[in-house]
Amino acid sequence: MTPRADHVAAILVVGVIGVLIPGLQPQLLGALALEGRLSVAALGGLATVELLAMGIAAGAAGFILPANRLRAIALCALLATGLIDLATPLCDRGTIFAARIAAGLGEGVLIWIAIGFIIGTARPERWSGIFLAVQTLAQCALASIIGLFAASTSGGFGTLGVVTLAGILAIWQMPDAHAVSAGDAAGGSCRADAVCSLWPASCCTSPSSLPCGSMSSRWLCSAACRLGRCT
């Protein structure tokens, strides 16, 4: 069945918001270092824990969260992540790690929603490419806006928080359940291979993210994708 255009647009918006942070980490975390809020040595660790939280949440969501209440799940994830983004500039060195881990968990849930849609389509490889292209363009656009008009910790995280909260407007056009893929209906064959490359590609747009070039991070991202939908 061909997905409705409004459903596709809404899910892409929600999913893309979930992967904005990897492309923005050089600016946002760099601003923290320039303002003396975070040491240079801690930048890699902070980037790492957020991306790890995203991967863990994207994989665990398939086991924990119901796939027939996507709107409520997306609402909670967007609201929590957006508020955490807005609050991040107010955090001290002791709490900023906890804040970004929590944000990563919310972002991972948003990614899970997008991956579930892609796997349920008749051409997941095509939608994987579309999702990757859209997320890259969105990261580039928002990074440019932050660089030109909001090049500070409060401005950068504030902009990201506002964009995340604005994503709530899209959830009313989302379907409330994931479609059952042809592979699942036939006996549980895995169709996640077409989208497993999305996570490493999106993460590696951030040069400051230490784990992105490692095999362990690629394995984790691929495994998170598989855990969410494979049987």
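Small disclaimer: the values here were computed from a predicted structure and weren't measured.

**Q** Can you help me understand the overall build of the protein chain in this one?
**A** Secondary structure summary: the protein chain contains 10 helices and 0 strands in total. Sequence-ordered secondary structure for the protein chain, helices as α and strands as β, is α-α-α-α-α-α-α-α-α-α. By the burial criterion, 52% of the 231 residues in the protein chain qualify as buried. Summarising the internal contacts of the protein chain: among those between residues at least 6 apart in sequence, 84% fall at separations of at least 24. Just so you have it, the protein chain exposes about 10,000 Å², and 70% of that area is on carbon and sulfur atoms.

**Q** I keep staring at the packing of helix 4 (residues 70-87) against helix 7 (residues 153-166) and nothing clicks. Help me out?
**A** When two helices pack together, their arrangement is given by the angle between their axes and by how far apart the axes lie. Relative to each other, helix 4 and helix 7 sit at 165 degrees, their axes nearing to 7 Å. Here helix 4 is positioned roughly antiparallel relative to helix 7, judged by the angle of their axes. For the pair helix 4 and helix 7, the sense of crossing is left-handed. Contacts between helix 4 and helix 7 involve Leu78, Leu79, Thr81, Gly82, Leu83, Asp85 and Leu86 from the first element and Phe157, Gly158, Leu160, Gly161, Val162, Thr164 and Leu165 from the second. Looking at side-chain class alone, the contact of helix 4 with helix 7 contains 8 nonpolar, 5 polar and 1 charged residues.

**Q** Explanation requested: the environment of Ala150 in the structure shown.
**A** Within the fold, Ala150 resides in the loop between helix 6 (124-149) and helix 7. A residue is classified by how much of its surface remains accessible, and Ala150, at 12% relative accessible area, is buried. Once you skip the residues sitting within four places of it in the chain, Ala150 turns out to touch Ile145, Gly155, Gly156 and Thr159.

**Q** Before we go on, may I ask you to explain helix 2 (residues 21-34) in this structure?
**A** Since the α-helix advances by 3.6 residues per turn, residues separated by three or four positions end up pointing in the same direction. Here helix 2 is 14 residues long and its end C-alpha atoms lie 19 Å apart, about the 20 Å a rise of 1.5 Å per residue gives. Of all bends in helix 2, the biggest is about 25 degrees, found at Gln27. Looking only at helix 2, the buried set comprises Ile21, Pro22, Gly23, Leu24, Gln25, Leu28, Leu29, Ala31 and Leu32. With its phi angle positive at about 75 degrees, Gly36 sits one or two positions after the end of helix 2.

**Q** Would you take a moment to explain the pattern of salt bridges for this structure?
**A** Note that side chains of opposite charge can pair when their charged atoms are close. Scanning the model with the defined rule gives 5 salt bridges in all. The closest approach of N and O atoms between Arg100 and Glu107, which form a salt bridge, is 3.8 Å. Across this residue pair, the class does not change: Arg100 and Glu107 are buried. Across the pair Glu125 and Arg123 runs a salt bridge whose closest N-O atoms are separated by 2.4 Å. Overall, Glu125 belongs to the partly exposed group, its relative accessible area being 41%. Overall, Arg123 belongs to the partly exposed group, its relative accessible area being 39%.

**Q** Is there a simple way to think about the packing of aromatic side chains in this case?
**A** Applying the stated criterion across every chain yields a total of 1 aromatic pair. Here the aromatic rings of Phe117 and Trp127 are separated by 5.5 Å at their centres, their planes lie at 70 degrees, and the arrangement is edge-to-face. Highlighted residues: Phe117 in helix 5 (residues 96-119) and Trp127 in helix 6, separated in sequence by 10 residues. Like Phe117, the residue Trp127 is buried in the burial classification.

**Q** So what exactly am I meant to see when it comes to the nonpolar core here?
**A** Side chains of a nonpolar character, in soluble globular proteins, are inclined to be buried together. Ranked by internal contacts, the top residues of the largest apolar core, which has 53 residues, are Val14, Leu24, Ile113 and Met174. Contributions of two or more residues to this core are made by helix 1 (5-18), helix 2, helix 3 (40-64), helix 4, helix 5, helix 6 and helix 7. By residue number, the principal contributor to this core is helix 5, which donates 13 residues. Beyond its immediate chain neighbours, meaning those up to four positions away, Ile113 contacts Ile11, Val14, Leu70, Ile73, Ala74, Met174 and His178.

**Q** In this structure, what is going on with the packing of helix 5 against helix 6? I would like to understand it.
**A** Direction vectors running N to C along helix 5 and helix 6 enclose 145 degrees, while the axes themselves pass 8 Å from each other. Taking contact as the criterion, the partners of Ala114, Phe117, Ile118 and Ile119 in helix 5 are, on helix 6, Pro124, Trp127, Ser128 and Phe131. Within the contact of helix 5 with helix 6, the residues separate by chemical class into 7 nonpolar, 1 polar and no charged.

**Q** How should I be thinking about the confidence of the model for the protein chain in this particular structure?
**A** Where the model shows low pLDDT, its predicted coordinates should not be examined in detail. With 76% of its residues at a pLDDT of 70 or more, the protein chain has an overall mean of 82. Element-level pLDDT for the protein chain is lowest in helix 10 (residues 215-229), with a mean of 42, against a maximum mean of 97 in helix 4. The low-confidence segment residues 182-195, where pLDDT is below 50, has 29 contacts with residues more than four positions distant or belonging to other chains. Under a pLDDT of 50 for its full length, residues 204-231 has, in the predicted model, 56 contacts with residues more than four places off or in other chains.

Procedures and definitions
- Residues numbered from 1 in each chain as written.
- Predicted model: local features only at pLDDT ≥ 70, side-chain atom pairs only at ≥ 80, totals over all residues.
- Heavy atoms only, no water.
- Helix = DSSP H or I, 4+ residues; strand = E, 2+ residues; numbered from the N terminus.
- Buried < 20%, exposed > 50% of the residue type's maximum accessible area, 1.4 Å probe, protein only.
- Contact = heavy atoms within 4.5 Å.
- Areas by Shrake-Rupley, 256 points an atom, 1.4 Å probe, with all protein chains shown as cover.
- Axes fitted to C-alpha atoms, helices over the stretch in contact; angles between N-to-C directions.
- Parallel < 35°, antiparallel > 145°, perpendicular 65-115°, else oblique.
- Left-handed = near helix turned anticlockwise from the far one by under 90°.
- Nonpolar A, V, L, I, M, F, W, Y, C, P; charged D, E, K, R; others polar.
- Expected span 1.5 Å × (residues − 1).
- Bend = angle between axes of the 7 residues up to and from the residue.
- Salt bridge = Lys/Arg side-chain N within 4 Å of Asp/Glu carboxyl O.
- Phe/Tyr/Trp six-rings, centres within 6.5 Å; stacked < 30°, edge-to-face > 60°.
- Core = buried A, V, L, I, M, F, W, Y, C linked by side-chain atoms within 4.5 Å.
- pLDDT = per-residue confidence, 0-100.

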